[in-house]
Amino acid sequence: MGKNKRWKTGVLLVFPCFLFIFAFMIYPICSVGYLSFHEYSPLRSPETFFVGLKNYEWMAGSYIVSYSLYVTILFTVVSVAIELIVGLYLANVLAKQMREKSSKIGKGLNRVLRSIFILPFAVPAVVAAVAWKMMLQPQFGPVNALLGVNVAWTTQYPLLSVIVADAWKMTPFILFILFAAIMSIPAERFEAIKIDGASGWQEFRYVTFPAILPVTAVAIAFRAVDAFTKIFDVVYVMTGGGPGMQTQVFPLLIWKTAFNYFHFGEASALAVAAIAISLIFGSILILRRRSK
Amino acid sequence: MKFSITKWASIFVLILTVIVTLFPVVWMALSSVKSKEEIFSIPPTWIPKTFTLRHYEDLFTRFNFGRLTINSTIIAVGVTVISVVIGSMAAYGFSRYSFRGSGMLLAFILIARMITPAALVIPLFTMMRAFGLLDTIVSIMIGITIINLPFVIWIMKTFFDGLPKEVEEAAEVDGMSPIRTFWKIVVPTAMPAIATVVLFSFVTAWVDFLFGISFSTTAASMPLTVGISNMQTGYEIYWGPMMAAGVYLTLPTLILAFLLQKYFIKGLTMGY
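Residues numbered from 1 in each chain as written. Chains lettered and ligands numbered in written order. Predicted model: local features only at pLDDT ≥ 70, side-chain atom pairs only at ≥ 80, totals over all residues.

Caption draft 1: Spatial organisation of the overall build of chain B. A tally of helices and strands in chain B yields 14 helices and 0 strands. When the helices and strands of chain B are listed from N to C terminus, the series reads α-α-α-α-α-α-α-α-α-α-α-α-α-α. Relative to the globule expectation of 19 Å for 272 residues, the C-alpha radius of gyration of chain B, 23 Å, shows a markedly less compact shape. Taken along the three principal axes of its C-alpha coordinates, chain B extends 75 × 70 × 30 Å. Across the 272 residues that make up chain B, the buried fraction comes to 50%. Taking contacts inside chain B between residues at least 6 apart in sequence as the whole, the part at least 24 apart equals 75%. (Helix = DSSP H or I, 4+ residues; strand = E, 2+ residues; numbered from the N terminus. Rg over C-alpha atoms; globule rule 2.2 N^0.38 Å. Buried ≥ 20, exposed ≤ 12 C-beta atoms within 10 Å, placed from the backbone. Contact = placed C-beta atoms within 7 Å.)

Below you can see the structure in the form of structure tokens.
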């Protein structure tokens, strides 16, 4: 096949996808950039007015925006930390079980456990949100009844409630990535350190941890960017961003500015900021991985 | 075998995590079959005293879930077909034929995986409005597809990169056209990877909430996820139907996850 023809085949294969991406991602990103320099309030007027940097000035000076960023960062850090600790622990337990119990019962138990731990990931985010809303319901919810307290979780500790629901749903992601990583460590290394009389902690510290560190770092980075840029469903359904702005995470702020307050210009400026943040973090992650 | 304190402690922690993992879903399922009075009883009853399918009936008689199920299914199937077909083709193109700008384009698509969907919703909304596509299934389908495509390309390209080229080269020598080679030889060998992306695309579309709540205003295009969120109004929360809806919405993804666990975990962990 000639060089020219190879080129054509490649383009032909990629073209439909490119067209789709251009029409519904690249063009919209450009148009949101355009809109961010305009005022557009569809309820008041169908026209757009050029306002220069006004929307960006609003964004830079608004307490609502900086508070939202603070909430989003706090949310990201705490929920990823919980996911990492629980995920790492469970991955270790499962992998240890898998290595040491070669009996049928041990393997079966492992399968059952893995099926259980995959469950939250298979639950849609909105369903996780309503399930946890029920759990934390102050009067007839089971959490208060179990703890014997009377706490209005979603109003007194709204951010914590949202974090619990999200961490519950996303821990399996970290768990299964780490489990796969631990299982790919050659069994001899565990046997060797065991002969030396190492404890469980030493085994983790000197064999498991160094081996899975790179994968863990990548998984956390991806998960953190994901949590920061994509948190929406759980918060929308559980607290709606409230009370006040206590759980108004950044994606929700963009959405509400447009669809609740109909300030599309301001929402566009926020969107540009969000896209810029995600593209910067995205390029760092992807390019680093590709260079390896 | 000795059972030390640490061993018992770790068993205890394991049991605790299993309970925390299962409890919300179990509680939701139990609540969904309790009578309205029992749901509101203080303190809550751990084992249902009443059993009723009333809330499930309500889903269809009061909350239009028949229609919403059809919408969600069409959206999920549409998203899956479009993104898997054009995504796999593109991934194959990127993997086997590099052309000027292909590296840049691929990098952009992969980075696009990180884009905040809520940011993309704003311009897509004005675009859909201009086309008169608001409150249609098509607009929701397009929105989800654009978010899902980078993932499909990512997984499929990783797979194609690991596939030996010899068979395709032999086909080329035999005079088979590249497009025919793709459909007749590459696609059949790629079935495990395709199963993974089909599964993930379907689930992604089924659970989507953002594009549904942004583009849909009536039952004409409303997906189930928006239907469940509409069960809490400013005045009232319909707890019974909401719990039933939660179970109803989770069943398809749960069954898929259990039946195709291998692919599910593979898609989850691939590329890390």
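Resuming the write-up.
Caption draft 2: Focus on the overall build of chain A. Counting secondary structure elements, chain A contains 13 helices and 2 strands. When its C-alpha atoms are laid out on the principal axes, chain A stretches across 75 × 75 × 30 Å. Within chain A, the fraction of its 292 residues that count as buried is 44%.

Caption draft 3: Representation of the interface of chain B and chain A in the model. Across the contact, 75 residues belong to chain B and 74 residues belong to chain A. The element that contributes the greatest number of residues to the side of chain B that touches chain A is helix H1 (residues 5-32) of chain B, accounting for 11 residues. A class-by-class count of the residues in the side of chain B that touches chain A yields 55 nonpolar, 18 polar and 2 charged. (Nonpolar A, V, L, I, M, F, W, Y, C, P; charged D, E, K, R; others polar.)

Caption draft 4: Summary view of the packing of helix H12 (residues 250-259) of chain A against helix H6 (residues 117-130) of chain B. Running from N to C, H12 of chain A and H6 of chain B cross one another at 20 degrees; their axes reach a closest spacing of 8 Å. In terms of their interaxial angle, H12 of chain A and H6 of chain B are classed as roughly parallel. As for how H12 of chain A packs across H6 of chain B, the hand of that crossing is left-handed. Residues Pro-251, Ile-254, Trp-255 and Ala-258 of chain A of H12 of chain A form the contact with H6 of chain B, whose participating residues are Ala-118, Ala-119, Val-121 and Ile-122 of chain B. Its residues assigned to classes, the contact of H12 of chain A with H6 of chain B comprises 8 nonpolar, no polar and no charged. (Axes fitted to C-alpha atoms, helices over the stretch in contact; angles between N-to-C directions. Parallel < 35°, antiparallel > 145°, perpendicular 65-115°, else oblique. Left-handed = near helix turned anticlockwise from the far one by under 90°.)

Caption draft 5: Representation of the packing of helix H4 (residues 65-96) of chain B against helix H10 (residues 191-207) of chain B in the model. All names here are of chain B. Running from N to C, H4 and H10 point in directions that differ by 140 degrees, and their axes come no closer than 8 Å. One way to sum up the angle between H4 and H10 is to call them oblique. The element H4 and its partner H10 pack so that their crossing is right-handed. Where H4 approaches H10, its residues Ser-72, Ile-75, Ala-76, Val-79, Thr-80, Ser-83, Val-84 and Ser-88 are matched on the opposing element by Ile-194, Val-197, Val-198, Ser-201, Phe-202, Ala-205 and Trp-206.

Caption draft 6: Main features of H1 of chain B. Residues and elements named next belong to chain B. Between the first and last C-alpha of H1 there are 40 Å, a value that for 28 residues agrees with the 40 Å anticipated at 1.5 Å per step. Remark: the principal bend of H1, roughly 40 degrees, maps to Phe-23, with a proline, Pro-24, within the next four residues. Of the positions making up H1, those classed as buried are Thr-21, Pro-24, Val-25, Trp-27, Met-28, Ser-31 and Ser-32. (Expected span 1.5 Å × (residues − 1). Bend = angle between axes of the 7 residues up to and from the residue.)

Caption draft 7: Inspection of the domain arrangement of chain A at higher detail. Residues and elements named next belong to chain A. On domain assignment, one finds that chain A holds domain 1 (27-61 + 262-292) and domain 2 (77-250). Taken together, the contacts link 5 residues of domain 1 with 5 residues of domain 2. The residue makeup of the side of domain 1 that touches domain 2, split by class, is 3 nonpolar, 2 polar and no charged. (Domains from an automatic or database assignment.)

Caption draft 8: Here's a closer look at H12 of chain A. Taking burial as the measure, the 10 residues of H12 of chain A include 9 buried ones, the bulk of the element. Those residues of H12 of chain A that fall on the buried side of the exposure criterion are Phe-250, Pro-251, Leu-252, Leu-253, Ile-254, Trp-255, Lys-256, Thr-257 and Ala-258 of chain A.

Caption draft 9: Focus on the nonpolar core. Judged by nonpolar contacts, the single largest core of 170 residues is most densely connected at Ala-128, Ala-129, Leu-178, Val-234, Ile-254 and Ala-271 of chain A together with Ile-122 of chain B. Once you skip the residues sitting within four places of it in the chain, Leu-178 of chain A turns out to touch Gly-87, Leu-88, Ala-91, Ile-212 and Thr-216 of chain A. (Core = buried A, V, L, I, M, F, W, Y, C linked by C-beta atoms within 7 Å.)

Caption draft 10: Local environment of the environment of Ala-190 of chain B. With respect to the secondary-structure elements, Ala-190 of chain B resides in the loop between helix H9 (178-189) and H10. With 20 C-beta atoms packed within 10 Å, Ala-190 of chain B lands in the buried category.

Caption draft 11: Quick look at the domain arrangement of chain B. Residue and element names in this part refer to chain B. Annotation of chain B at the domain level lists domain 1 (1-52) and domain 2 (58-269). One C-alpha centre belongs to domain 1, the other to domain 2; they are set 33 Å apart. On the domain 2 side, the residues contacting the 6 residues of domain 1 number 6 residues. Only H1 and helix H2 (36-39) provide two or more residues apiece to the side of domain 1 that touches domain 2. Broken down by element, the side of domain 1 that touches domain 2 gets its largest block of residues, 4 residues, from H1.

Caption draft 12: Layout of unusual backbone geometry. Residue and element names in this part refer to chain B. Residues Ile-42 and Pro-43 are joined by a peptide bond in cis, for which omega reads -5 degrees. Within the secondary structure, Pro-43 is located in the loop between H2 and helix H3 (54-61). A positive phi is found at Asn-64, a non-glycine position, where the angle reads about 60 degrees. With respect to the element layout, Asn-64 can be found in the loop between H3 and H4. Its identity as a non-glycine residue notwithstanding, Asp-135 has a phi of 60 degrees, on the positive side. Counting through the fold element by element, Asp-135 comes out in the loop between H6 and helix H7 (137-161).

Caption draft 13: Region of the structure containing the environment of Lys-266 of chain B. Relative to the assigned elements, Lys-266 of chain B resides in helix H14 (residues 261-269). Considering only alpha carbons, one finds Lys-266 of chain B and Arg-180 of chain B, 86 residues apart in sequence, at a separation of 28 Å.

Caption draft 14: Region of the structure containing the environment of Val-249 of chain A. Residues and elements named next belong to chain A. With respect to the helices, strands and loops of the structure, Val-249 is situated in the loop between helix H11 (233-238) and H12. Remark: the alpha-carbon pair of Val-249 and Glu-266, spanning 17 residues in sequence, is separated by 16 Å. Those residues within four positions of Val-249 in sequence are excluded, and the remaining contacts are Ser-68, Val-71, Thr-72, Phe-75, Ile-231 and Val-235.

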